[in-house]
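Per-entry structural report
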Amino acid sequence: MKEIKASTITETVARLCQEANFFLPEDTLEALKKARKNEESPQGQQALDRILENAKLAKDEQQAICQDCGVAVVYVEIGQDVHVTGSYLYDAIDEGVRQGYEKGYLRKSMVRQPFSARVNTKDNTPAVIHTEIVPGDKLKISVLPKGGGSENCSRLTVLTPAKGRQGIIDFVVDIVNSSGSNPCPPIIIGVGIGGTTDKTMALAKKALFRKVGEPSSDPEVAELEKELLKQINNLGIGTMGYGGRITALAVHVETFPSHIASLPVAANIQCWCARHKEAIL
Amino acid sequence: MPKKIKLPLTDDVIKDLKSGDDILLSGVLYVARDAAHKKMVEALEQGKPLPFDIKGQTIYYMGPAPAKPGQVIGSAGPTTSGRMDTYAPKLMAVGLKGMIGKGNRAQPVKDAMRQYKAVYFAAIGGAGALISKSIKKAEVVAYDELGAEALRRLEVEGFPATVINDIYGGDLYAEGKAKYQVKA
């Protein structure tokens, strides 16, 4: 049994919230540079140059890359031999979000009673927290600030099993096509297939944590990712929707077995500003 | 080379703007997003004046990050314009001439742009730090209680933007996509 203090978790989350918002991760940067190299559209090239310049500026000045500092999505993988002491894990995470967003001059975007009053909670809490119990005695925290513009383009459906692979392609490509410039392309698409409806969207979100462009370890799934990326880039939407060859940087697909009657599919859309930061305690 | 455009816009300037034009804006902008739009349109519906004279002005759809000490404003990139579509024609009807945001506009907004001779620009979504450097002055004009969503007045120099919809029906999103689409 390993003990981890709640105060350590708070400090870590506060730091990760800031770092994720200031420093675009290396995998995202590399994918954007590759997109710049492959883009033919002059307007797309200019927009990608500005995106890369912006990332450098944010890093140098430790300023938010994007003013939408997102919902703080926090994934915690808890080793089953870990014991959190001092306070409740979720409170410790929320306190970290509170401190990180305040200290980092990050925008607070959470509103309470979303269907009516929509009053800002003023500290960007509560975080959206996902926990997973894993073997071992480590605790891994990943923070993914998720912007509203791209999240709003995410969709879920349940296909009949007869629709199969083609049904999935049609569904995902249509989402990207109808979203056009709204989600700040070039985007990353997290796709969940299988499970129940809640599980499939969780898979789609989790797919966004994968290193940008890293293919699935399952060859059949990797082939589907490749086909989706090709068809999405054939849409011509381009960076910021100005027209171009690169509409998406990557498609990541995660699968799970499903019921004999169902083929649930979810697409979680991520803007080019794919921020994430991890720590292992 | 980008066209340098002075704000507020005039009809003479607007008639020369075409979809796809690369622009640097300088002058005065007003900032409003979801909640401020709701309040402004409610005021109009109740016959009350708006918090600023909207005639000829440009509204930037944006909610900034807080300014660090010594900064004019925090990161300040555009938000998705489509959420303002229900309000935009009502503001164009009382004199709004320019909108800056990102993303698709609904047909009634495009129709209103042609009718009232107004233009829609996009700024680079997510480039909040870069755009903040072109903002030289920022002040809250109204609705302070809305925080990041308050109505603001900005003075900008060399604010980078692209014309999406012009007054002739031009639409860069449609034109750009048609140019690069690969048909299966």
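Cut-offs applied
- Residues numbered from 1 in each chain as written.
- Chains lettered and ligands numbered in written order.
- Predicted model: local features only at pLDDT ≥ 70, side-chain atom pairs only at ≥ 80, totals over all residues.
- Heavy atoms only, no water.
- Pairing = 2+ DSSP bridges.
- Helix = DSSP H or I, 4+ residues; strand = E, 2+ residues; numbered from the N terminus.
- Axes fitted to C-alpha atoms, helices over the stretch in contact; angles between N-to-C directions.
- Contact = heavy atoms within 4.5 Å.
- Domains from an automatic or database assignment.
- Buried area = accessible area lost by both parts, 1.4 Å probe.
- Salt bridge = Lys/Arg side-chain N within 4 Å of Asp/Glu carboxyl O.
- Polar contact = N/O pair within 3.5 Å; in protein donor to acceptor, adjacent residues only side chain to side chain.
- Nonpolar A, V, L, I, M, F, W, Y, C, P; charged D, E, K, R; others polar.
- Core = buried A, V, L, I, M, F, W, Y, C linked by side-chain atoms within 4.5 Å.
- Buried < 20%, exposed > 50% of the residue type's maximum accessible area, 1.4 Å probe, protein only.
- Parallel < 35°, antiparallel > 145°, perpendicular 65-115°, else oblique.
- Left-handed = near helix turned anticlockwise from the far one by under 90°.
- Phe/Tyr/Trp six-rings, centres within 6.5 Å; stacked < 30°, edge-to-face > 60°.
- Arc of directions from axis to C-beta.

A few words on the sheet that holds strand β6 (residues 128–134) of chain A. All names here are of chain A. Pairing within the open sheet is mixed, and its 4 strands lie in the order β6-β2-β7-β12. The open sheet is flanked by β6 and β12 (277–280), the only strands paired with a single partner. Here the strands of the sheet are splayed against their neighbours by 15 degrees on average, with no regard to which way each runs. Relative to β12, strand β7 (residues 139–146) runs antiparallel, the two sharing 4 bridges. Residue K140 lies in a different strand from β12, and its bridge partner there is I280. Docked against the sheet, helix α1 (residues 6–22) engages β7 and β12, running at close to 40 degrees with respect to β7.

Residues and elements named next belong to chain A. For chain A, the assigned domains are domain 1 (2–20 + 65–146) and domain 2 (149–275). Each of domain 1 and domain 2 has a C-alpha centre, and these two points are 26 Å apart. On the side of domain 2, 14 residues touch domain 1, which itself brings 13 residues to the contact. Interface area for domain 1 against domain 2, summed over the two sides, is near 1,200 Å², with a carbon-plus-sulfur share of 60%. Across the domain 1-domain 2 interface, the total number found is 2 salt bridges. Linking K206 and E132 is a salt bridge whose minimum nitrogen-to-oxygen distance equals 3.2 Å. Inspection of the domain 1/domain 2 interface yields 5 residue pairs in polar contact (both at pLDDT 80 or more). When residues of the side of domain 1 that touches domain 2 are traced back to their parent elements, those giving at least two are β2 (71–79) and β7. The biggest single contributor to the side of domain 1 that touches domain 2 is β7, with 5 residues. Residue composition of the side of domain 1 that touches domain 2, grouped by class: 9 nonpolar, 1 polar and 3 charged.

Taken together, the contact pairs 43 residues of chain B with 43 residues of chain A. Taken over both partners, the interface formed by chain B and chain A buries close to 3,400 Å², and the fraction arising from carbon and sulfur atoms is 51%. Across the chain B-chain A interface, the total number found is 24 residue pairs in polar contact (both at pLDDT 80 or more). Contributions of two or more residues to the side of chain B that touches chain A are made by α5 (128–132), β7 (151–165) and α6 (172–180) of chain B. Ranked by residues supplied to the side of chain B that touches chain A, first place goes to α6(B) with 5 residues. Residue composition of the side of chain B that touches chain A, by class: 20 nonpolar, 16 polar and 7 charged.

On to the nonpolar core. Ranked by internal contacts, the top residues of the largest apolar core, which has 91 residues, are B:I59, B:Y60, B:F121 and B:F159. Split by domain, this core shows at least three residues from each of two domains, domain 1 (2–20 + 65–146) and domain 2 (149–275) of chain A. In contact with B:F121, not counting residues within four places along its chain, are B:L9, B:L17, B:I23, B:L25, B:M99, B:I100, B:G101, B:A161, B:T162, B:V163 and B:I164.

Turning our attention to the sheet that holds strand β9 (residues 187–194) of chain A. All names here are of chain A. Read from one edge to the other, the open sheet built from 4 strands follows the order β8-β11-β9-β10, with strand pairing classed as mixed. For this open sheet the edge positions go to β8 (155–159) and β10 (248–256), each flanked by a neighbour on one side alone. The average undirected angle you get between the axes of adjacent strands in this sheet is 15 degrees. The pairing of β8 with strand β11 (residues 263–270) spans 5 bridges and is classified as antiparallel. If you follow T157 over to β11, its bridge partner there is V265. In the packing of helix α7 (residues 197–207) onto the sheet, the strands contacted are β8, β9, β10 and β11, and the crossing angle to β9 comes to about 145 degrees.

Bringing the environment of A:G164 into the picture now. Its place among the elements puts A:G164 in helix α6 (residues 164–179). Non-local contacts of A:G164, meaning those with residues more than four positions away in its chain, are made with A:L159 and A:L263.

Here the focus is the packing of α1(A) against helix α4 (residues 89–103) of chain A. Residue and element names in this part refer to chain A. At a minimum axis distance of 7 Å, the contact between α1 and α4 shows a crossing angle of 40 degrees. One finds that α1 runs oblique with respect to α4. For the element pair α1 and α4, the recorded crossing hand is right-handed. Residues A6, I9, T10, V13, A14, C17, Q18 and N21 of α1 touch α4, and the partners they reach there are L89, A92, I93, E95, G96, V97, Q99, G100, Y101 and K103. Counted by class, the contact of α1 with α4 contains 10 nonpolar, 6 polar and 2 charged residues.

Moving on, we get to the packing of aromatic side chains. Counting across every chain of the model gives 5 aromatic pairs over all chains. Geometrically, the ring pair formed by A:Y88 and A:Y90 is stacked, given 5.3 Å between the ring centres and 15 degrees between the ring planes. Using a relative accessible area of 51% as the deciding quantity, one classes A:Y88 as exposed. With 5.1 Å between their ring centres and 85 degrees between their planes, B:Y60 and B:F159 make a pair best called edge-to-face. Separated by 99 residues along the polypeptide, B:Y60 in strand β3 (residues 58–60) and B:F159 in strand β7 bring together distant segments of the chain. Pair check on accessibility: B:Y60 and B:F159 agree, each one buried.

Let's shift gears to the side chain of B:S19. All names here are of chain B. As for its position among the elements, S19 is in the loop between α1 (11–14) and β2 (22–31). Under the relative-accessibility criterion, S19 is labelled buried at 18%. Polar side-chain contacts of S19 include one of 2.8 Å to the side chain of E175. Those residues in contact with S19 that sit more than four places away from it in its chain are V163, I164, D166, G170, D171, L172 and E175.

What follows deals with α6(B). For α6(B), the set of buried residues is B:L172, B:Y173, B:G176, B:K177 and B:Y180. Across the axial projection of α6(B), the buried residues extend over an arc of 120 degrees, all falling on one side. What points out from α6(B), more than 90 degrees from its buried face, is the exposed set B:A178 and B:K179. Buried positions along α6(B) lie against α3 (42–61) and α6 of chain A together with β5 (119–122) and β7 of chain B.

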